Amino acid sequence: MIMTTFKKDLPLFARFWLWLGRLLGKTLLVLLCIGLLGWALATAWFAWQHRGPVSALEQIPDGEAAMTQDVIQTAVRIVDQHRESTRYLRDAHAKAHGCVKAEVQVLPDLATELRQGVFSEPGKTWQATMRLSNGNAYPQFDSIRDARGMAIKLLDVPGKQLLSDQQRRGEQDFVMFSHPNFFVSDVAEYRQNVAAQADGKKVMAFFPGWDPRTWQVRHLFIALATLSPPPPSPTQTTYFSVSPYKFGEANAKFRVMPDPANCPTYALPAQNQKLPNFLRNALNQQLSTDRVPACFVLQIQRQDAGKYMPIEDTSVEWKESDAPFQTVARINVPAQDFDTPALNLQCDNQSFNPWFGVEAHRPIGGINRLRKAVYEAVSDYRHSRNAEQ
Ligand code: HEM
């Protein structure tokens, strides 16, 4: 009796599983087709939106000044949150691996159209200071994923400085980090994102509301890519301006790339990456212990406004296939002893600012306009608090 029932039920049971299998298969196929269609549509939409020509001029949206004031409040809040015992640090790039002396030499045979601003005189050598840093607002272990910063200050630069109250500086700064694009497009998005981050949000800072049109998935991926594992040494990675600048009459981005071919051959001994400051150790090993200089090239990428190389959106990397980088100067970091308490304090008390410079290299675009107010406010705040101690 039991056997009969089993035999009778088996086909029904099997039929049910076959039916379920077919249903699941079809559902998966439909979902796959919808996914592929969505991906194709999103790619087409992205390509349509991100096509040239673009404006070669700045376009300042309404309300930018008020948004900038909000960002300053948040930045000062972050400085307060991250102060280390009694000392107030930078709001970003708080931890230095060191400040080193450098020489920036304009290419002796520089093409005429590239002779702009501080690169006007072929063969000229500028004395400079270079600060190498981690991006985080807190001086954390070097092994933690992060952006790495490089700030270069050319000294004794003649001519009118961009900031009217900084005329005595005579400087040209180049402020960069180790990723080609930024995790926000403009001031409005930066204001929303950084306020969310100061409130402890991380991934959710990129999802400001229920409306999917406000979700910044692409920008979240840029942020994740920016936070990369450490290089073996701060001398072994490329640093990008990210945002655009004037380059004489043109608009340009710049980058600084290691150039070992122009330095004595050197193999950095393996560093213990578990040590909190191993990037400082690596720099010290090369420059101070082994007395070997480090070499870089400084390169310019000029905007072709016929291509999608926007000024007002820092989340867009200017493609090298649209405009190549061209070397304008070589940077030599000579062997030196930089890691002393006095020099490290001096390094901490320096201020680098993309707006410390001359008209030929004026920072442009919303994120740079924002930086004009914020760097000054944060630098003044930390200096005044540290002076009170
Ligand atoms: C375009 C992308 C950016 C790059 C490449 C960049 C890079 C850097 C670097 C390398 C430093 C350290 C400078 C030093 O060594 O002293 C720095 C500092 C700083 N950054 Fe940025 N940054 C960018 C965008 C921003 C934005 C959008 C803000 C906020 C509005 C900001 C706020 C700051 C502040 C407040 C400091 C510390 C200034 C001081 O106290 O001296 N940065 N940045």
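Everything that follows concerns the structure shown earlier in this document.
Now for a look at the structure at hand. (Residues numbered from 1 in each chain as written. Predicted model: local features only at pLDDT ≥ 70, side-chain atom pairs only at ≥ 80, totals over all residues. Heavy atoms only, no water.)

**So, the overall build of the chain**
Then, number 1: Counting its regular elements, the chain contains seven helices and nine strands.
Then, number 2: Each of the three principal axes of the chain carries a C-alpha extent, and together these read 100 × 50 × 45 Å.
Then, number 3: The buried share of the chain, reckoned over its 389 residues, is 46%.
Then, number 4: Within the chain, counting contacts between residues at least 6 apart in sequence, those at least 24 apart form 75% of the total.
Then, number 5: Approximately 20,400 Å² of the chain is accessible, and the part contributed by carbon and sulfur atoms is 61%.
Then, number 6: Computing the positive centroid from 42 side-chain charges and the negative centroid from 38, the chain places the two 8 Å apart. (Helix = DSSP H or I, 4+ residues; strand = E, 2+ residues; numbered from the N terminus. Buried < 20%, exposed > 50% of the residue type's maximum accessible area, 1.4 Å probe, protein only. Contact = heavy atoms within 4.5 Å. Areas by Shrake-Rupley, 256 points an atom, 1.4 Å probe, with all protein chains shown as cover. Lys, Arg positive; Asp, Glu negative; His and termini not counted. Charge placed at Lys NZ, Arg CZ, Asp CG, Glu CD.)

**Section: the state of the cysteines**
Then, number 1: Evaluation of the coordinates by the stated rule reveals two disulfides.
Then, number 2: A sulfur-sulfur distance of 2.2 Å marks the disulfide that ties Cys99 to Cys347. Across the S-S bond of Cys99 and Cys347 the torsion is about 70°, and the bridge reads as right-handed. Of this pair, Cys99 sits in strand 1 (residues 96–106) while Cys347 sits in helix 6 (residues 341–349), and the two are 248 residues apart along the sequence. In this structure, Cys99 and Cys347 share a single accessibility class: buried. (Disulfide = S-S within 2.5 Å.)

**Some points on the coordination of the iron atom of the ligand**
Then, number 1: Among all protein atoms, only Tyr375 (OH) binds the iron atom of the ligand, sitting 2.0 Å from it.
Then, number 2: Along the chain, Tyr375 falls in helix 7 (residues 366–388). (Donors = N, O, S within 2.8 Å, 3.2 Å for Na, K, Ca; no water.)

**Some remarks on the site of the ligand**
Then, number 1: Close to the ligand lie 24 residues; Arg90, Arg131, Arg371, Tyr375 and Arg382 are nearest.
Then, number 2: Arg90 places a polar side-chain atom, nitrogen or oxygen, 2.7 Å from an oxygen atom of the ligand.
Then, number 3: One of the side-chain N or O atoms of Arg131 is found 2.6 Å from an oxygen atom in the ligand.
Then, number 4: Sorting the residues of the shell around the ligand by element identifies strand 3 (148–154), strand 4 (172–177) and helix 7 as the ones contributing at least two each.
Then, number 5: The dominant element in the shell around the ligand, judged by the number of residues it contributes, is helix 7, at eight residues.
Then, number 6: Class assignment for the residues of the shell around the ligand results in 14 nonpolar, five polar and five charged. (Near = heavy atom within 4 Å. Polar contact = N/O pair within 3.5 Å; in protein donor to acceptor, adjacent residues only side chain to side chain. Nonpolar A, V, L, I, M, F, W, Y, C, P; charged D, E, K, R; others polar.)

**Considerations on the nonpolar core**
Nonpolar side chains tend toward joint burial in soluble globular proteins.
Then, number 1: Judged by nonpolar contacts, the single largest core of 37 residues is most densely connected at Phe119, Ile152 and Ile331.
Then, number 2: Not counting residues within four places of it along the chain, the set of residues in contact with Phe119 comprises Val106, Leu110, Leu114, Phe174, Phe247, Leu298, Val328, Ala329 and His361. (Core = buried A, V, L, I, M, F, W, Y, C linked by side-chain atoms within 4.5 Å.)

**Quick notes on helix 4 (residues 217–226)**
For an α-helix, 3.6 residues make a turn, and residues three or four places apart therefore share a direction.
Then, number 1: Those residues of helix 4 that sit buried are His219, Leu220, Ile222, Ala223 and Thr226. What you see down the axis of helix 4 is that its buried residues fit within an arc of 160°, all on one side.
Then, number 2: For helix 4, the elements touching its buried residues are strand 4 and helix 3 (187–198). (Arc of directions from axis to C-beta.)

**Quick notes on the pairing of strand 9 (residues 326–333)**
Then, number 1: Pairing geometry for strand 1 and strand 9, over four bridges, is antiparallel. By the bridge assignment, Val104 is partnered in strand 9 with Ile331.
Then, number 2: Note that strand 8 (residues 294–302) and strand 9 share seven bridges and pair antiparallel. Bridge assignment links Gln299 to a residue of strand 9, and that residue is Thr327. (Pairing = 2+ DSSP bridges.)

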